[in-house]
Amino acid sequence: MKAIVRSPGSATVINAISTGCGSAFGIKLYVTAEASLNSSKRTFKVDRDVDTTLMEICVNNVLEKFNVNTGIHIKTSSTLPMASGLSSSSATSNAVVLATYQALVNDGVVPQDSLNDLDVLNLAIDASLEAGVTITGAFDDASASFMGGLTITHNSRREIFHHGNMEEQNILIYMPNRKSPTAQSDVGRMKLLAPWVKLAFQEALKGNIYEALTLNGMLYSAALGFDAGIALDALNSGALAAGLSGTGPSFVAIVPEENIDPVQEVWSSYPGNVILTQVDNVGTKVVDHG
C-alpha cells in the first residue's frame, strides 16, 4: 500500500551557519513523496531534473534502521523551488523518510509507533548531511519543515529552544534567475558575521521575529554578495520584515494584506519571479495512509 507525505519548505529567521544557532518557520510550498514497497528494486521518480542521491540515502537510512531489505518505489513532486534558500532539501528528506517509514508500517513490516517524530527528523537530517546538501545539518530548517510554525534551535546539539505557531501572515518570495546551493556557500565569510548574528538571534529569542529576520537578512546579504536593496525596497513598500532566506538567492518578506500589491510591484521590477504564499503551522504530515 502506498503512503503519501507532504512536507513544507521553510523561510529563514536566523541562518545558523555563522553561530550554530538558527530559526525558521514553515511556508505553504511543499514537497510531496509517495512510497510503495515492491518485491524487486528501489526506484525513484521525480517531477523535475534533480539528483536522487538524497532520496536514496533517506530510504537506505530507514531500511537500515529496521534491518529490512526490500524493493521500494519513491515518487516525488514539488511546488517548492530547489536550491533557493527555502529548505527544499530538508522538506525532501522529511517527506521521503516519513513516507518510507509509513509504507513499511502499512505493509506490516514494522509496527506502528516504531519511530517517534524526533526519530524521523533525525534520520532526515542524517541523510541531508550524508548527501552533502547542508553545512550545519539544517536542524532549524528541518524542524520548522517537520513541525510547522516557528522553531528556534541549536543546530549542532539538535536542541529546540522554542517551537510554536507563527503569526499567520502573507509571505512574498522574490526568486532571482539563479540557484544557490547551500553547500557551495562561503562559510568563512559567513562566520565573520557571528557577533552581529548573535544580536539578531537574541532578538528572536525575545520574540522580536520580524526584527531578527530583517537584521539576519541584511548581514547575510552583505557576506554572500546579494543586493540588500531588494529587502529595503520591500520594507519601503510596507513589508513588516524582509531579508535573504538561507544562503539565498531567495528573499522573503512578511507582508500585511493591504501592502501585498506594492511589495509585489517593486519586486516584480527585478528579473526573476515573485511567489505569494502563507505561513504553514501544520508541518510534515501523512496525507494518505494507503
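Predicted model, so just to flag it, every value in this text is computed and none were measured. (Residues numbered from 1 in each chain as written. Predicted model: local features only at pLDDT ≥ 70, side-chain atom pairs only at ≥ 80, totals over all residues. Heavy atoms only, no water.)

1. A few points about the overall build of the chain
We count it as follows: The helix and strand labels rest on DSSP assignments: H or I over at least four residues marks a helix, E over at least two residues marks a strand, and numbering proceeds from the N terminus. Radius of gyration: over C-alpha atoms. The globule rule applied is 2.2 Å multiplied by the number of residues raised to the 0.38 power. When a residue's accessible area, from a 1.4 Å probe over protein chains only, is under 20% of the maximum for its type it is buried; when over 50% it is exposed; and in between it is partly exposed. The contact criterion used is simple: two residues touch if any of their non-hydrogen atoms lie within 4.5 Å. As used throughout, the charge tally considers Lys and Arg to be positive and Asp and Glu to be negative, leaving His and the chain termini uncounted. Where a charge lies is defined by one atom per residue type: Lys uses NZ, Arg uses CZ, Asp uses CG and Glu uses CD.
Counting its secondary structure elements, the chain contains nine helices and 11 strands. Here the C-alpha atoms of the chain give a radius of gyration of 18 Å, agreeing with the 19 Å that 2.2 N^0.38 yields for 290 residues. Taken over the C-alpha atoms alone, the chain extends approximately 60 × 35 × 30 Å along its principal axes. The proportion of buried residues among the 290 residues of the chain is 56%. Of the contacts made within the chain by residues no fewer than 6 positions apart, 74% connect residues no fewer than 24 positions apart. Put simply, the chain has 18 plus and 28 minus side-chain charges, and the middle of one group is 6 Å from the middle of the other.

2. A short note on helix H3 (residues 117–131)
One full turn of an α-helix is made of 3.6 residues, so residues set three or four places apart face in the same direction. The following threshold applies: Expected span, for any helix, means 1.5 Å times one less than how many residues it has. Pairs of N or O atoms within 3.5 Å make up the polar contacts considered here, provided that, within protein, one atom can donate a hydrogen while the other can accept it, and that residues adjacent in sequence are counted only when both atoms are side-chain atoms.
Here H3 contains 15 residues, and its C-alpha end-to-end distance of 21 Å stays within 8% of the 21 Å for a straight helix at 1.5 Å per residue. Inspection of H3 places Val 120, Leu 121, Leu 123, Ala 124, Ile 125, Ala 127 and Ser 128 among the buried residues, and these make up the whole buried set. Where H3 is buried, its residues touch helix H1 (53–65), helix H2 (88–106) and helix H4 (139–147). Two or three places before Leu 118, at the opening of H3, Asn 116 has a side-chain oxygen 3.1 Å from that residue's backbone nitrogen.

3. Some details on the UniProt feature "binding site: ATP" (unreviewed entry) in the chain
Test applied: UniProt positions are given in the numbering used here, feature names are shortened, and annotations may be inferred rather than shown by experiment.
According to UniProt, the "binding site: ATP" (unreviewed entry) feature falls on Pro 81, Met 82, Ala 83, Ser 84, Gly 85, Leu 86, Ser 87, Ser 88, Ser 89, Ser 90 and Ala 91. Tracing the backbone through its elements, the reader meets Ser 84 in the loop between strand S4 (71–78) and H2. Using a relative accessible area of 1% as the deciding quantity, one classes Ser 84 as buried. Ser 84 has contacts with Met 175, Ser 245, Gly 248, Pro 249 and Ser 250, leaving out every residue within four places of it along the chain. Examined against the element boundaries, Ser 90 turns out to sit in helix H2. The buried category is assigned to Ser 90, whose relative accessible area is 6%. In this structure, Ser 90 is in contact with Ala 138, Asp 141, Ala 142 and Ser 145, ignoring residues within four places of it in sequence.

4. Comments concerning the pairing of strand S8 (residues 241–244)
Defined as follows: Any two strands are treated as partners once DSSP identifies two or more bridges connecting them.
Pairing geometry for S8 and strand S9 (residues 251–255), over four bridges, is antiparallel. Paired with Ala 241 across the strands is Ile 254, a residue of S9. In this antiparallel pair of consecutive strands, S8 and S9, the connection spans six residues, and Gly 246 shows a positive phi of 60°.

5. Let's talk about the domain arrangement of the chain
The figure often quoted for interface size is the accessible area lost as the parts come together. As a reminder of what qualifies: Where each domain starts and ends comes from a domain assignment, either automatic or drawn from a database. A simple way to read buried area is as the amount of 1.4 Å-probe accessible surface that goes missing from two parts once joined, with both sides added.
Assigned domains within the chain: domain 1 (2–165) and domain 2 (170–278). At the junction of the two partners, domain 1 supplies 30 residues and domain 2 supplies 36 residues. The largest contributions to the domain 1 side of the interface with domain 2 come from Ile 14, Ile 17 and Ser 18, which together make up 20% of the buried area. Where domain 1 touches domain 2, the interface holds 12 residue pairs in polar contact (both at pLDDT 80 or more).

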